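Each chain, letter by letter, is given below.
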Protein chains: 2
Amino acid sequence: MSYLPPDQQTIDTLLDTVRFNEDGLITALAQAAEAPHDVLMLAWMNREALAETLATGQVCYYSRSRDRLWRKGESSGQRQTLVSARLDCDRDAVLLLVNQTGVACHTGRRSCFYHEVVPEGLRDTTAPEVTPEQLYGSAH
Amino acid sequence: MSYLPPDQQTIDTLLDTVRFNEDGLITALAQAAEAPHDVLMLAWMNREALAETLATGQVCYYSRSRDRLWRKGESSGQRQTLVSARLDCDRDAVLLLVNQTGVACHTGRRSCFYHEVVPEGLRDTTAPEVTPEQLYGSAH
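Given the structure is predicted, the values throughout are model-derived calculations rather than measurements.

An account of the interface of chain A and chain B is requested, with residue identities and associated values reported.
Chain A puts 44 residues into the contact, and the matching count from chain B is 44 residues. For the pair chain A and chain B, the summed buried area comes to about 3300 Å², and 68% of that belongs to carbon and sulfur atoms. Ranking the residues of chain A by area buried against chain B places Cys89, Phe113 and Val117 of chain A at the top, with a combined share of 20%. Across the chain A-chain B interface, the total number found is two salt bridges. With its nearest N and O atoms 3.8 Å apart, the salt bridge here joins Glu116 of chain B to Arg86 of chain A. The tally of links between chain A and chain B comes to 12 residue pairs in polar contact (both at pLDDT 80 or more). Elements that contribute at least two residues to the side of chain A that touches chain B include exactly α1 (8–15), β1 (25–32), β2 (39–46), β5 (80–87), β6 (93–100), β7 (115–118) and β8 (121–124) of chain A. Looking at the side of chain A that touches chain B, its residues break down into 26 nonpolar, 11 polar and seven charged.

Talk me through the packing of aromatic side chains; I want residue IDs and the actual numbers.
Residues and elements named next belong to chain A. On inspection of all chains with the given rule, the structure shows two aromatic pairs over all chains. For the ring pair Tyr61 and Trp70, a centre distance of 5.3 Å and an interplane angle of 45° mean the geometry is tilted. Over the ring of Tyr114 we find Arg109; its NZ or CZ atom is 3.8 Å from the centre of that ring.

If you had to explain the pairing of strand β4 (residues 68–71) of chain B to someone new, which residues and values would you point to?
Residue and element names in this part refer to chain B. Bridge analysis of strand β3 (residues 60–63) against β4 gives four bridges, and the strand direction is antiparallel. Pairing of Cys60 across the sheet is with Arg71, part of β4. Turn length for the β3-β4 hairpin, with the two strands adjacent in sequence and antiparallel, is four residues, and the turn residue Asp67 shows positive phi of about 55°.

Residues and numbers for helix α1 (residues 8–15) of chain B, please.
Structural remark: α-helix, 3.6 residues per turn; residues separated by three or four positions point the same way. Regarding α1 of chain B, the residues found buried are Thr10, Ile11, Leu14 and Leu15 of chain B. For α1 of chain B, the buried positions fall inside an angular range of 135° around the axis, keeping them on one side. Each element contacted by the buried residues of α1 of chain B is listed here: β7 and β8 of chain A together with α2 (47–56) and β5 (80–87) of chain B.

Explain a negative patch on the surface residue by residue, including any values.
Taken together, the side chains of Glu22 and Asp23 of chain A together with Glu22 and Asp23 of chain B make up a negatively charged region of the molecular surface. As for its placement among the helices and strands, Asp23 of chain A is situated in the loop between α1 and β1. Here Asp23 of chain A falls in the exposed class, since its relative accessible area comes to 56%.

So what about the sheet that holds β8 of chain A? Which residues, and what values?
Pairing within the open sheet is mixed, and its six strands lie in the order β8(A)-β7(A)-β5(B)-β6(B)-β1(B)-β2(B). The outermost strands of the open sheet, each flanked by one partner alone, are β8 of chain A together with β2 (39–46) of chain B. Strand-to-strand twist in this sheet, taken as the mean axis angle between neighbours without regard to direction, amounts to 35°. Taken together, the six bridges between strand β1 (residues 25–32) of chain B and strand β6 (residues 93–100) of chain B define a ladder with parallel strand orientation. Considered in β6 of chain B, the bridge of Leu29 of chain B is made with Leu95 of chain B. Where α2 of chain B meets the sheet, its contacts fall on β7 of chain A together with β1, β2 and β5 of chain B, and the angle it forms with β2 of chain B comes to roughly 120°.

Rules used throughout
Residues numbered from 1 in each chain as written. Chains lettered and ligands numbered in written order. Predicted model: local features only at pLDDT ≥ 70, side-chain atom pairs only at ≥ 80, totals over all residues. Heavy atoms only, no water. Contact = heavy atoms within 4.5 Å. Buried area = accessible area lost by both parts, 1.4 Å probe. Salt bridge = Lys/Arg side-chain N within 4 Å of Asp/Glu carboxyl O. Polar contact = N/O pair within 3.5 Å; in protein donor to acceptor, adjacent residues only side chain to side chain. Helix = DSSP H or I, 4+ residues; strand = E, 2+ residues; numbered from the N terminus. Nonpolar A, V, L, I, M, F, W, Y, C, P; charged D, E, K, R; others polar. Phe/Tyr/Trp six-rings, centres within 6.5 Å; stacked < 30°, edge-to-face > 60°. Lys NZ or Arg CZ within 6 Å of the ring centre and 35° of its normal. Pairing = 2+ DSSP bridges. Buried < 20%, exposed > 50% of the residue type's maximum accessible area, 1.4 Å probe, protein only. Arc of directions from axis to C-beta. Patch = residues over 30% accessible without salt bridge, like charges linked within 9 Å, V, L, I, M, F, W, Y side chains within 5 Å. Areas by Shrake-Rupley, 256 points an atom, 1.4 Å probe, with all protein chains shown as cover. Lys, Arg positive; Asp, Glu negative; His and termini not counted. Charge placed at Lys NZ, Arg CZ, Asp CG, Glu CD. Axes fitted to C-alpha atoms, helices over the stretch in contact; angles between N-to-C directions.

Don't take any of this as a statement about function, it's just geometry.
The following block contains the structure:
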């Protein structure tokens, strides 16, 4: 199974049906296309980021803190290649099934969702697979 | 694997570390605890909803449209029983691994994420398993 992009006009028509919030954003979540289908991360997309993602098949978010497009992996190399994109029932969120190169989380873990609630409070479900220095260089 | 709740004091301490947004909310996403681990829905929680979910093991969201707690399944019977709750790296989103009774989506589908992007535009990945009338009664 691999992603086949619509043409530009079809993408534009489709984007007109998406319900971006008052800041022009929708929630985007990335899930591994392969078993065990772990949820990797949650981020945001504006219309331009979603358009680029759907046209290229390479996942591009919108960084609220940096106020610009965030081509996942542009600094770290940890890219996400789209396998399937699915809007939800009210079209204000998008699920991205992806092939993840390396790790998704900036902490070096495969998934960002690693703080598990246990009777004692929180415990980490996973340890980092790589260091931030390996991901971003020592200047980061 | 089943969810074991922390005591109330531990939950309070944990909630103090969660980064609710300016509206007092975090994003919550529900994923099936059992294979194929489909992402079921995305919704919101305020502190009270997350506290109740973590204390009871029954998923409770916050409905922005109705401005009140939304105990999933209270109208439809389609409850979500918590198996594991995981905050993400920056603690502004929570992943809920759940056992879903019936369907998660108000359209009668198992998952809300059924509008798949294909070359022709959007197509439904699944059909409803039950009708809204079956879920909510004919008065809905």
